[in-house]
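These are the residues of each chain, in order.
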Amino acid sequence: MNPPKKPRVVVTREVFDDAIDYLSTHCEVHANQVDAPYSPEALAAALANAQGLMCALTDKVDAALLASCPQLQAVANIAVGYNNIDVPACTARGIQVTNTPGVLDDSTADLAFALMLATARRITEVESYIRQGAWTGWKLKQWLGVDVHHATLGIVGMGRIGQAIAKRAQGFDMRVIYHNRKRVAPDIEQRLSAAFVSLGDLLAQSDFIILQVPYAPETHHLIGAAELAMMKPGAILVNSTRGGVVDDKALVEALKKGVIRGAGLDVYEGEPKLDAGFLSLKNVVLVPHIGSSTEATRRAMAMTAARNLVAALSGERPPNLVNGEVLALR
Ligand code: GLV
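Residues numbered from 1 in each chain as written. Predicted model: local features only at pLDDT ≥ 70, side-chain atom pairs only at ≥ 80, totals over all residues. Heavy atoms only, no water.

1. A look at the overall build of the protein
1) Next: The number of helices and strands found in the protein is 13 helices and 12 strands.
2) Next: Against the compact-globule benchmark of 20 Å for 330 residues, the protein has a radius of gyration of 22 Å, which places it among compact chains.
3) Next: Looking at the 330 residues of the protein, the share that counts as buried comes to 50%.
4) Next: Counting only contacts in the protein whose residues sit at least 6 apart along the sequence, the fraction spanning at least 24 positions is 60%.
5) Next: Carbon and sulfur atoms provide 56% of the accessible area of the protein, an area that totals close to 16,100 Å².
6) Next: Looking at the protein, you have 32 positive and 33 negative side-chain charges, and the mean spots of the two groups are 3 Å apart. (Helix = DSSP H or I, 4+ residues; strand = E, 2+ residues; numbered from the N terminus. Rg over C-alpha atoms; globule rule 2.2 N^0.38 Å. Buried < 20%, exposed > 50% of the residue type's maximum accessible area, 1.4 Å probe, protein only. Contact = heavy atoms within 4.5 Å. Areas by Shrake-Rupley, 256 points an atom, 1.4 Å probe, with all protein chains shown as cover. Lys, Arg positive; Asp, Glu negative; His and termini not counted. Charge placed at Lys NZ, Arg CZ, Asp CG, Glu CD.)

2. Side note on the domain arrangement of the protein
1) Next: Per the domain assignment, the segments making up the protein are domain 1 (8-103 + 295-329) and domain 2 (105-286).
2) Next: Taken residue by residue, the interface counts 9 residues in domain 1 and 5 residues in domain 2.
3) Next: Of the roughly 590 Å² buried where domain 1 meets domain 2, counting both sides, 43% is carbon and sulfur surface.
4) Next: At the boundary of domain 1 with domain 2, the tally comes to 0 salt bridges.
5) Next: One can count 3 residue pairs in polar contact (both at pLDDT 80 or more) joining domain 1 with domain 2. (Domains from an automatic or database assignment. Buried area = accessible area lost by both parts, 1.4 Å probe. Salt bridge = Lys/Arg side-chain N within 4 Å of Asp/Glu carboxyl O. Polar contact = N/O pair within 3.5 Å; in protein donor to acceptor, adjacent residues only side chain to side chain.)

3. Considering the site of the ligand
1) Next: The environment of the ligand is formed by Leu57, Ala79, Val80, Gly81, Leu104, Arg242, His289 and Met301.
2) Next: Taking valine 80, its main chain carries an N or O atom lying 2.8 Å from an oxygen atom of the ligand.
3) Next: Separating an oxygen atom of the ligand from a backbone N or O atom of glycine 81 is a distance of 2.9 Å.
4) Next: Alone, the ligand offers 190 Å² of accessible surface; in the complex the protein occludes 87% of this.
5) Next: Taken together, the residues of the shell around the ligand sort by class into 5 nonpolar, 2 polar and 1 charged. (Near = heavy atom within 4 Å. Nonpolar A, V, L, I, M, F, W, Y, C, P; charged D, E, K, R; others polar.)

4. Here we look at the pattern of salt bridges
Side-chain pairs of opposite charge can arise whenever the charged atoms involved come near each other.
1) Next: Applying the stated criterion across every chain yields a total of 14 salt bridges.
2) Next: Residues glutamate 28 and arginine 8 are paired through a salt bridge, measuring 3.3 Å at the closest nitrogen-oxygen approach. Linking glutamate 28 in strand β2 (residues 28-31) with arginine 8 in strand β1 (residues 8-11), this pair joins segments that are 20 residues apart in sequence.
3) Next: On the accessibility criterion, glutamate 28 (36% relative accessible area) is partly exposed.

5. Some remarks on the sheet that holds strand β9 (residues 208-211)
1) Next: Taken together, 7 strands build an open sheet; the order of strands is β8-β7-β6-β9-β10-β11-β12 and the sheet is parallel. Every other strand in the sheet has two partners, leaving β8 (194-196) and β12 (284-286) as the edge strands with one partner each. On average, adjacent strands in this sheet sit at an angle of 20° to one another, irrespective of strand direction.
2) Next: The pairing of strand β6 (residues 152-156) with β9 spans 4 bridges and is classified as parallel. Paired with isoleucine 155 across the bridge in β9 is isoleucine 210. (Pairing = 2+ DSSP bridges. Axes fitted to C-alpha atoms, helices over the stretch in contact; angles between N-to-C directions.)

6. Some points on unusual backbone geometry
1) Next: Of note, the amide linkage connecting glutamate 271 to proline 272 takes the cis form, showing an omega dihedral of 10°.
2) Next: Within the chain, aspartate 173 stands out as a residue other than glycine whose phi angle is a positive 55°.
3) Next: Position of aspartate 173 relative to the elements: it lies in the loop between α7 (160-171) and β7 (175-179).

7. Here we look at the packing of helix α1 (residues 17-26) against helix α12 (residues 295-313)
1) Next: Packing of α1 against α12 leaves a shortest axis separation of 9 Å and a crossing angle of 10°. If you check the angle between α1 and α12, you find them roughly parallel. Where α1 approaches α12, its residues Asp18, Ala19, Tyr22, Leu23 and His26 are matched on the opposing element by Arg299, Ala302, Met303, Ala306, Arg307, Leu309 and Val310.
2) Next: Of the residues in the contact of α1 with α12, the class split is 8 nonpolar, 1 polar and 3 charged. (Parallel < 35°, antiparallel > 145°, perpendicular 65-115°, else oblique.)

8. Brief notes about the nonpolar core
1) Next: Counting residues in each nonpolar core, the largest one holds 51 residues, and the members touching the most others are Met54, Met116, Leu153, Ile165, Met174 and Phe208.
2) Next: Broken down by element, this core gets its largest block of residues, 9 residues, from α12.
3) Next: Leaving out residues up to four positions away in the same chain, methionine 174 has contacts with Phe113, Met116, Val148, His150, Ala151, Leu153, Ala169 and Phe208.
4) Next: Among the nonpolar cores identified, the runner-up in size contains 29 residues, and Val245, Ala250, Leu265 and Leu281 belong to it. (Core = buried A, V, L, I, M, F, W, Y, C linked by side-chain atoms within 4.5 Å.)

Below, the structure is given as structure tokens:
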């Protein structure tokens, strides 16, 4: 008797070999040989007879794509955010969707902190000054920044990553306030010395604001011109979550006019394109969506996605199933 046919899976971007090796023991793997996103047409063609998809936030999994891959059973995103996937459309077709929560919390919190520190202490601005050979000597009033320690940090979005940021803030003796759709449990608030406030109070009281809410229709332009105007003129905004949570055009204007002091950004509306206005501003620190980008974390994310995909295709409940309701539809 022939052994049962392995499910066919498509991996859309370059990943670490251990994830491919693991997938290959259970599946027939079709891995994109070029580390660039497939066009929608190429992705549809690759998926035409596939049961599994391991994809990245650069891949759009929408109803049109799903209509062209009738055999698809599972989509494993290599990210905690999954706004690139139309989850209700997947559920309607009985397709399981998974993400990679947990393994990237600390690395992403580290990056949010790095952006906050770099903006407060003008690290990229002074680094380019020194590289240009412009430094002629020490001066008492040169390159003055602002203190992170003992300042008030407002965290918008108190999920796992928000909490990891609050934990770091304790080491800097910061006062931590937060806003979240739902207030977190009292023991978590107590452990993190974090006080729940309204978004308006958070905007008005914080010296630093870090955004860590997922992107969804409800969080689209959560921070726009009106919210920026509510912040302290000395405030620094960090967006380490998703483009679209901030109205980037409004942010460029606010940074130009000194409505707030500065911003540290990892994510942008329409990335990898970004508002050209950011490029000529000195009071913004820009990095290219590297929140979770350490070797250990990206490896763990790829392996988590691979395990989720294999579990889903083997009839087991994947550890990080986003649309649990899909199982009831079987
Ligand atoms: C990265 O941005 C992620 O959502 O994991």
